[in-house]
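What follows is the residue order along each chain.
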Amino acid sequence: MSRQAQPPEDEHRADPGSGPPRLATRLLEGVLPPTDRGAAILGDLHEEFEARARKDERAARRWYVVEAIGIGVRYGRRTRRNRRGAAALGAPQGHDRSWEGMVDTLFTNVRYAVRRLTRSPMFTLVAVLSLGIGIGANTAMFSLVNAAIIRDMGFAEPERLVDVYEGTDDFTHGTLSYPDYLDFVEGSRDVFEAVTVSRFAVVQADTEDGVETLFGAGVTGEFFDLLGIDAARGRLLGEEDDVAPGAHPVVVLGHDYWSSRYAADPDIVGRQVRLRGRPYAVIGVTPEGFTGSVRGFAPALYVPVMMVDELMGSTGNSLESRGSQSYFGTARLRDGATFAQAEAAAERVTATLRERHPRTWTPDKEFVLERTEDVIMNPMIDRFVVPAAGMIMTVVGLVLLIACANLASFLLARAADRRKEIAVRLAVGARRRTLVAQLLTETVILAGVGGALGIVIATQGLDLLLAADLPLPFPITLDLSLDRTVLAFSALVSLGAGVLFGLAPALQSTNPDVAPALRDESAGGGRARGASLRNALVVGQVAVSVVLLVGAGLFLRSLDASRRLDPGFGGTPTALVQLVTPGDRYTREEALVYQRTLRERVAALPGVQSVGVIDNIHLDPLNTQTVRVQVDGIDPPPGQDFHGVDYAVIDEHLLEALDIPLVEGRGIEALDVADGEPVALVNQEFVHRFLPEGGAVGREVRLNGDPVRVVGVTADHKVRGLGEAPRPFVYRPIRQSFSPYGWVAARTGGEAERLVLDVIAEARALDPDIMVTQAKTMRRHLAVMLLGRELGAMVVGGFALLALLLASIGLYGTVSYAVARRAREVGIRLSLGADVGSVIRMLTGSGMRLVATGGAIGVLAAAAAAQLLSRLLYGVPPLDLPTFLVVPVVVGLVAFMASWVPARRVARIDPVGALRSE
Amino acid sequence: MGRGGYLGEFEQMLLLTVLRLGEDAYGVRIMADLEERIGRRVARGSVYVTLDRLEEKGWIVSESVPSASDRGGRPRRVVRVTPKGVGELRKSREALLTLWDGLEHALDG
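Residues numbered from 1 in each chain as written. Chains lettered and ligands numbered in written order. Predicted model: local features only at pLDDT ≥ 70, side-chain atom pairs only at ≥ 80, totals over all residues.

Draft legend 1. Molecular detail of the overall build of chain B. Helices and strands together make up the secondary structure of chain B, namely 4 helices and 2 strands. Ordered by position from N to C terminus, the α and β elements of chain B give α-α-α-β-β-α. At a minimum sequence separation of 6, the contacts of chain B that also span at least 24 residues come to 47%. (Helix = DSSP H or I, 4+ residues; strand = E, 2+ residues; numbered from the N terminus. Contact = placed C-beta atoms within 7 Å.)

Right, here's the structure in full:
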């Protein structure tokens, strides 16, 4: 992928690859004299850089930065020397000199600070590590938030874009159906320049060694033009690719897919790829950084929406069905049109559709518009994403606070040691501002190095996270590369930490009230203010650690409680494989034969105990389906004339395969065929809710308007979420209510992972072109339900431990410093006959008093914070007693070690030596 | 290197390189030629600072020449050794030759 090969990309991407590094140039310009001489030096560097860059650009950039710094340092020194000479001769100090003077002072301060920092390497190491960890945690989490929420989607004039949804009372921001989309376009022409829809499509691409299942998007002809996206290669889809169903076998590749699958082949345009057996011509590639219209879901490829039914092997025609709501709508406002006008138009179309299609357009259904810029993923998801992001950033913010408290605490200790030096300098007339600037330079350097380390820690940590095999229900693509926003964030945090936490110690130690320090000869004196500030910092650190650990404890307990929930099915190793029998190749009867044959072949595999088929597996966060239920004598919810109840279509073996007990009546049987009596199974909750007077078996209910006889009752099981209250559920026989989508669920006495592959192999042996859309073990399927809690417990727990570690470092430092400072006092005590043990107890005790105060404050604060978390907890009260007992004990033990270990060092104090040293 | 002193080693190297390059002596060329001949890297910063010093002493003069391509639109500083500079070189060379006279065998050791 050579850079020269893609000039168009360089143009619109403010590419850092053109020309020498700008920041280094800018800095050097500041140091060099603003004359032709200065310019010539920059020109030389530029020229040599270009020559080197032709060979190796990265090396050339490195070289440039190193040389620029080298020249800057030498020139800085030289101009300073000249000026000093000039000033001595009484040369007028011109206006521009004052700026140079500042650069000059900066150089001096930096050198001074670096010298001091390298002189106490332990202090520097601990400070940089603390800050690195704190800033790293913040950078990593901010990268996530940035990728998930902030990062620019690359749309042109995004302020004119509007998201179009269909909303009902229960589901406020749903996707559109294609016919609704067409009506919306028709009715809103006066406010919208164009409207587009896109939908996700699972696509099977032929590869050299089999088939590859891809996550693609079907888009209308307006899609790319409306979003303002230009092709990186070839062309993108347009109106001419959006005319008739099945007539446009063309495909646009996503930039990432093109790079990974085709090694960014520059000659890709014009080649063909085979999708579901049909050749598609590649017409172009999307630009780098464009990840589709829905954040977090980057399609590997884009096909015309007219091709999706064919590609997915759908039985029906989703382009004509108002019930098939899978289309994400986006519209672009006309120049000058307002959002309010758009909403009025949407209301008009809603009214028309309610009148024309009363069956699908119920009174609560309407078009809902949102400004695209206000939406992160979907307003319904955003409601959870934003608080989660807020919580995570609060947690890492607290970790950073503890790290900064360490820094401030160390600085205060050092400042106390330098009181005399500073007092002398102030006494001989040094300006306070100068001293504060010097001390601040030191902290800012520490923060800068800490920040750089933090960025390294963050990238490593994120790599680990990306490498983790999370049981995500769908492919989430987050670009976690460090972009400008993230780097700016880290720089700001580092600088803020350096200045904020360096300022207090700097101001305190340069307090012009110098006389006492000069007079005070003893090393034990003058501890009042500095020490009390340091003590306050320790108290605060302990308190914050307790809050974080309590939070982590509550999440862990909540995870534990969720883990113990019984979903009510799938307790044994089970393979799950989702197949589609494409409607254009299979009639209903052929599909049923295929499913039955496959079931029998899988059942014959060694170790397999039971195999069944279900169209929509329980606890699938992406798919829920409901049937309209009417029962005589049970009033439907207000405003509706039916109950929406979750249902699934199954064969006669499914209940056994998923281990769902039948409690009454019979199960589904092979005799429940299309022309037999329509039957259904219901669960106990259904009976409880709709048939409470007993005798459920044999009763008739109406499903989607048709009478159906209840022949059996199953035990309850979880349907949508592990924590839900029991939900009513309906099962229908596959021969009476056919679905081309089928999960084969195979229970085994052996390994489920192996069986998954065997099932796929059997499915392909029967039909090499069968579409396998998902395949996983039951354990992995159920893990999705716990993923949120697991991640929450892991992240909060990890950061809480980090916080405890940092707080311990702070406490350790404070106590060891106290030991060193009180050496003389300890010496006196020891020489007067006190035993070492009692002195250790005294020193440890003073540390532990701080811990106790901090712990108490922490517990109170945690109790308040836990109330805020209560919505995120499951099965655990916010004031969970075990958590609130264990955390203080753990913190106490760790804190005891952190103060006892350094306190023990008094044993090594030589009483006579300590006294004589004064 | 002040009044009546002799050239420093690096000053001497630079002056000789500038002399050798003639019309075409500017930063990049000087450093490339010098590095090639002595076979080790020189720090850019020292070269510029030394050139400035040589010019202050009047041993070289420089002229700003508008740039060709590849320099970000910045001029070149083309330098030339002055007769005074040549005089300094001669003085240093003579001093060194006198000191070396008869000592060549010491190098064979």
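Draft legend 2. A look at the overall build of chain A. Counting its secondary structure elements, chain A contains 26 helices and 22 strands. The buried share of chain A, reckoned over its 918 residues, is 41%. Expressed as a percentage of contacts within chain A between residues at least 6 apart in sequence, the contacts between residues at least 24 apart total 82%. (Buried ≥ 20, exposed ≤ 12 C-beta atoms within 10 Å, placed from the backbone.)

Draft legend 3. Focus on helix α4 (residues 83-100) of chain B. Helix length check: α4 of chain B, at 18 residues, gives a terminal C-alpha distance of 26 Å against a target of 26 Å (1.5 Å per residue), a fit within 8%. Backbone geometry just downstream of α4 of chain B places Gly102 of chain B in the positive-phi region, at approximately 80°. (Expected span 1.5 Å × (residues − 1).)

Draft legend 4. Up close: helix α7 (residues 178-187) of chain A. Judged by how many residues are buried, α7 of chain A sits mostly within the fold: 7 of 10 residues are covered. What α7 of chain A keeps buried is the set Tyr178, Asp180, Tyr181, Asp183, Phe184, Val185 and Gly187 of chain A.

Draft legend 5. View of the interface of chain B and chain A. Taken together, the contact between chain B and chain A spans 17 residues of the former and 20 residues of the latter. Of all the secondary-structure elements, those providing two or more residues to the side of chain B that touches chain A are α2 (27-38), α3 (44-56) and β2 (76-81) of chain B. A per-class count over the side of chain B that touches chain A returns 5 nonpolar, 6 polar and 6 charged. (Nonpolar A, V, L, I, M, F, W, Y, C, P; charged D, E, K, R; others polar.)

Draft legend 6. Representation of the pairing of strand β9 (residues 301-304) of chain A in the model. Residue and element names in this part refer to chain A. As paired strands, strand β4 (residues 210-219) and β9 are joined by 4 bridges and run parallel to one another. Among the inter-strand pairings, Gly216 is bridged to a residue of β9, identified as Leu301. Bridge count for strand β6 (residues 250-253) against β9 is 2 bridges, and the pairing is antiparallel. Residue pairing for β9: Leu253 is matched across the bridge by Leu301. (Pairing = 2+ DSSP bridges.)

Draft legend 7. The confidence of the model for chain A, seen in detail. Residues and elements named next belong to chain A. Residues of chain A with pLDDT of at least 70 account for 91%, and the chain-wide mean is 84. Counted against residues more than four places away or in other chains, residues 84-97, with its pLDDT under 50, gives 2 contacts. Counted against residues more than four places away or in other chains, residues 520-527, with its pLDDT under 50, gives 14 contacts. (pLDDT = per-residue confidence, 0-100.)

Draft legend 8. Quick look at the packing of helix α22 (residues 778-821) of chain A against helix α24 (residues 836-869) of chain A. All names here are of chain A. The contact between α22 and α24 brings their axes to 10 Å, and the two run at 140°. Classified by the angle their axes make, α22 and α24 are oblique. The way α22 lies across α24 gives a crossing that is right-handed. In this structure, α22 uses Leu811, Thr814, Val815, Ala818 and Val819 to contact α24, whose residues at the interface are Leu843, Ser846 and Gly847. Its residues assigned to classes, the contact of α22 with α24 comprises 5 nonpolar, 3 polar and no charged. (Axes fitted to C-alpha atoms, helices over the stretch in contact; angles between N-to-C directions. Parallel < 35°, antiparallel > 145°, perpendicular 65-115°, else oblique. Left-handed = near helix turned anticlockwise from the far one by under 90°.)

Draft legend 9. Geometry of the confidence of the model for chain B. All names here are of chain B. In this model, chain B carries a mean pLDDT of 86, and residues with pLDDT of at least 70 account for 94%. Mean pLDDT across the secondary structure elements of chain B bottoms out at α3, with 89, and peaks at β2, with 92. Listed scores for the predicted complex are pTM 0.68 and ipTM 0.90.

Draft legend 10. Quick look at the pairing of strand β13 (residues 608-614) of chain A. All names here are of chain A. Of all 7 residues making up β13, 5 are buried, and the element is well covered by its neighbours. Sheet topology note: the β13/strand β21 (residues 741-748) ladder contains 6 bridges and is antiparallel. What sits directly across from Ile614, in β21, is Trp743.

Draft legend 11. Structural view of the packing of helix α6 (residues 121-150) of chain A against α22 of chain A. Residues and elements named next belong to chain A. Relative orientation of the contacting elements α6 and α22 amounts to 160°, with a least axis distance of 11 Å. Here α6 lies roughly antiparallel to α22, going by the angle between them. Our pair here, α6 against α22, has a crossing hand that is left-handed. Residues Val126, Ser130, Ile133 and Ala137 of α6 form the contact with α22, whose own contacting residues are Phe799, Leu802, Leu806 and Ile809.

Draft legend 12. Spotlight on the environment of Tyr594 of chain A. Residue and element names in this part refer to chain A. Note that Tyr594 resides in helix α18 (residues 588-603). Residue classification places Tyr594 among the partly exposed positions, given that 19 C-beta atoms sit within 10 Å. Between the C-alpha atoms of Tyr594 and Asp767, which are 173 residues apart in sequence, the distance is 8.8 Å. Beyond its immediate stretch of four places on either side in the chain, Tyr594 contacts Thr581, Tyr586, Leu766 and Asp767.

Draft legend 13. Region of interest: the nonpolar core. Residue and element names in this part refer to chain A. Counting 97 residues, the largest nonpolar core has Val399, Leu407, Leu548, Phe799 and Ala803 as its most contacted members. Residues lining this core come from more than one domain, with at least three contributed by each of domain 2 (120-154 + 383-520) and domain 4 (527-564 + 788-916). Within the second largest apolar cluster, 58 residues are counted, among which are Ala575, Val613, Val645 and Val759. (Core = buried A, V, L, I, M, F, W, Y, C linked by C-beta atoms within 7 Å. Domains from an automatic or database assignment.)

Draft legend 14. Region of the structure containing unusual backbone geometry. Residues and elements named next belong to chain A. We note that Ala264 has phi near 50°; this positive angle belongs to a residue other than glycine. You can see Ala264 is positioned in the loop between α9 (255-261) and β7 (272-275). Even without being a glycine, Leu619 presents a positive backbone phi close to 60°. Examined against the element boundaries, Leu619 turns out to sit in the loop between β13 and β14 (626-630).

Draft legend 15. View of the environment of Ile69 of chain A. By secondary structure assignment, the location of Ile69 of chain A is in helix α4 (residues 57-88). We classify Ile69 of chain A as partly exposed; it has 15 C-beta atoms within 10 Å.

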